[in-house]
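Given next are the chains, with one letter for each unit.
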Amino acid sequence: MVTPEKIRDREAFLARFEEKAKGIDLQSKDTEPTIRAVFKLLFHRISEGEIQDIKQIFPAELQDLWPMRL
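Calculation rules
- Residues numbered from 1 in each chain as written.
- Predicted model: local features only at pLDDT ≥ 70, side-chain atom pairs only at ≥ 80, totals over all residues.
- Heavy atoms only, no water.
- Salt bridge = Lys/Arg side-chain N within 4 Å of Asp/Glu carboxyl O.
- Helix = DSSP H or I, 4+ residues; strand = E, 2+ residues; numbered from the N terminus.
- Expected span 1.5 Å × (residues − 1).
- Buried < 20%, exposed > 50% of the residue type's maximum accessible area, 1.4 Å probe, protein only.
- Contact = heavy atoms within 4.5 Å.

Draft legend 1. Main features of the pattern of salt bridges. Applying the stated criterion to the full structure yields 6 salt bridges. The salt bridge partner of Arg 36 is Glu 32, with a shortest N-O separation of 3.1 Å. Within this pair, Arg 36 and its partner Glu 32 are both found in helix α2 (residues 31-45), separated by 4 residues, close to a single helical turn. Each of the salt bridges in this network shares a partner with another, and the network as a whole consists of Arg 10, Glu 32, Arg 36 and Asp 64.

Dropping the structure here:
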């Protein structure tokens, strides 16, 4: 079982994403729009209640990466 990392700030979260995405040919080299696109996709695939549960786990500094409503 993998222990979740406790990343509490935006810069660390974006850096960790970049580290994990190495080797993946992303169209954008700007990390934040890529993360927003992933969260937008999840927003379409997961119920709003589940999204709210997930967002509440995120530090306030990272919650704005999720779309509000579509």
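Draft legend 2. Structural view of α2. Between its terminal C-alpha atoms α2 stretches 21 Å, which fits the 21 Å expected from 15 residues at 1.5 Å a residue. For α2, the complete set of buried residues consists of Thr 31, Thr 34, Ile 35, Phe 39 and Phe 43. Those residues of α2 that are buried lie in contact with α1 (10-20) and α3 (48-57).

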